[in-house]
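# Architecture and fold: a report
The residues making up each chain are set out below.
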Amino acid sequence: MNKESVVAKKKFGQNFLKDQSILVKIVEAMPKNENRLVEIGPGLGDLTKFLVDVKSVEAFEVDTDLCKLLQSTFKEEIATKRLHINCGDVLQAWKSSLVDEPYDLVANLPYYIATNIILKALADPMCKNILVMVQLEVAEKFCAIEGQKVFGSLGIITQSVGTAKIIVKVPPTAFDPQPKIDSAVFLIQKETDRSDKDFEDMLRVAFSQPRKTLMKNLSAKYEKSLLQEVFEKLKLIQTTRPHQVSTKDYHQLYTLIK
Ligand code: SAM
């Protein structure tokens, strides 16, 4: 099997990034530090080739055909321990940490599990930075700020652990085969880890019906009188919608109602 004869498998979310200028932008956006690199879904190895030039890489690829291809493409890098390929489902391999040393995740993620992977990386104490390509809509949710319509639990969780920004928007034409949706590369620089499950449970209730008021949504779980008291303390008006409240206020709200 060679690169040219590979037929992309839909079930593994295979859209191979072909635009060299985007590959260069990903590498340029990588935080400068001593952390190891982790790549999830190296595919045909186009991004991997750039990454192994910068640092040593721990890669996770589910498709056994692609694993074999990568093993023959990167014989030398594997022999010199510049690259280690784990063949199998990354979600199965992921215990509390994916690798046992500080790492930055750099990847063009399989979109069908991208949100799950990012949430796991945010909780992983060894993961320090996340630089990934995902569906544009998903990137916008992780990078959203208060007041924006797409601001919700993903934006609040991200702001609670660090900062996020979109690096570059990517059209379908950058890939082969072309996806039906636009994509984006974005960067999360972590300062701490995602940890508080109860806080995230409160967020789920707060955003259960995004068009309803925050008060209405929270009333499904919390005493109305307590909520009225807390809203007053935080100077939140009763008609406030969930996306209009800042991350800082969500944390204060949580401290007062938990
Ligand atoms: N990095 C390559 C590129 O930029 O062209 C391929 C990206 S493609 C969008 C996603 C890759 O993730 C594919 O190689 C696919 O086989 C792999 N993949 C899908 N599900 C996976 C999983 N559960 N664990 C590890 N790799 C997975």
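Preceding block: the structure.
Model, not experiment: these values are computed from the prediction.

### So, the state of the cysteines
- For the structure shown, the criterion picks out 1 disulfide.
- Disulfide pairing places Cys67 opposite Cys87 at an S-S distance of 2.4 Å. Its torsion about the S-S bond being -135 degrees, the disulfide of Cys67 and Cys87 is classed as left-handed. Here the residue Cys67 occupies a position in helix α3 (residues 64-73), and Cys87 occupies one in strand β4 (residues 83-87), the gap between them amounting to 20 residues.
- Under the relative-accessibility criterion, Cys87 is labelled partly exposed at 44%.
- Counting only cysteine sulfurs, Cys143 is the nearest neighbor of Cys127, a cysteine outside any disulfide, at a range of 15 Å.

### Focus on the site of the ligand
- Taken together, 23 residues lie around the ligand, and Leu17, Gly41, Glu61, Asp89 and Tyr112 are the ones closest in.
- Here an oxygen atom of the ligand sits 2.8 Å away from a polar atom, N or O, in the main chain of Leu17.
- When contributions to the shell around the ligand are tallied by element, the ones reaching two or more residues are β1 (16-17) and β3 (57-61).
- Of the residues belonging to the shell around the ligand, the class tally is 12 nonpolar, 7 polar and 4 charged.

### Comments concerning the pairing of strand β6 (residues 127-135)
- In terms of burial, β6 is a largely internal element, 7 of the 9 residues being buried.
- The sheet contact formed by strand β5 (residues 103-108) and β6 spans 6 bridges and is parallel. Paired with Tyr103 across the bridge in β6 is Cys127.
- Crossover handedness for the path β5 to helix α6 (residues 114-123) to β6: right-handed.
- Pairing of β6 with strand β9 (residues 183-190) involves 7 bridges; the strand directions are antiparallel.

### So, the environment of Lys190
- Relative to the helices and strands, Lys190 resides in strand β9.
- Separated by 12 residues in the primary sequence, Lys190 and Met202 place their C-alpha atoms 22 Å from one another.
- If we skip the residues at most four places from it in the chain, Lys190 touches Ala121, Leu122, Ala123, Asp124, Cys127, Lys128, Asn129, Ile130, Val161 and Gly162.
- Looking at Lys190, its side chain comes within polar contact range of the main-chain oxygen of Leu122, at 3.2 Å.
- Reaching out from Lys190, the side chain makes a polar contact with the side chain of Asp193 at a distance of 3.0 Å.

### Regarding the packing of aromatic side chains
- Tallied over the full model, the rule gives 3 aromatic pairs.
- With centroids separated by 5.5 Å and ring planes inclined at 70 degrees, the aromatic side chains of Phe199 and Tyr254 adopt a geometry described as edge-to-face. Within this pair, whereas Phe199 is found in helix α9 (residues 197-206), its partner Tyr254 is found in helix α12 (residues 247-257), the two being separated by 55 residues in sequence.
- Under the relative-accessibility criterion, Phe199 is labelled buried at 4%.
- Of the residues examined, Tyr254 reaches a relative accessible area of 8% and is grouped as buried.
- Here Phe207 and Tyr250 contribute two aromatic rings whose centre-to-centre distance is 5.8 Å and whose plane-to-plane angle is 35 degrees, an arrangement assigned as tilted. Separated by 43 residues along the polypeptide, Phe207 in the loop between α9 and α10 (214-219) and Tyr250 in helix α12 bring together distant segments of the chain.

What counts as what
Residues numbered from 1 in each chain as written. Predicted model: local features only at pLDDT ≥ 70, side-chain atom pairs only at ≥ 80, totals over all residues. Heavy atoms only, no water. Disulfide = S-S within 2.5 Å. Helix = DSSP H or I, 4+ residues; strand = E, 2+ residues; numbered from the N terminus. Buried < 20%, exposed > 50% of the residue type's maximum accessible area, 1.4 Å probe, protein only. Near = heavy atom within 4 Å. Polar contact = N/O pair within 3.5 Å; in protein donor to acceptor, adjacent residues only side chain to side chain. Nonpolar A, V, L, I, M, F, W, Y, C, P; charged D, E, K, R; others polar. Pairing = 2+ DSSP bridges. Right-handed = clockwise from strand over helix to strand, strands pointing away. Contact = heavy atoms within 4.5 Å. Phe/Tyr/Trp six-rings, centres within 6.5 Å; stacked < 30°, edge-to-face > 60°.

Any link to function would need more than the numbers given here.
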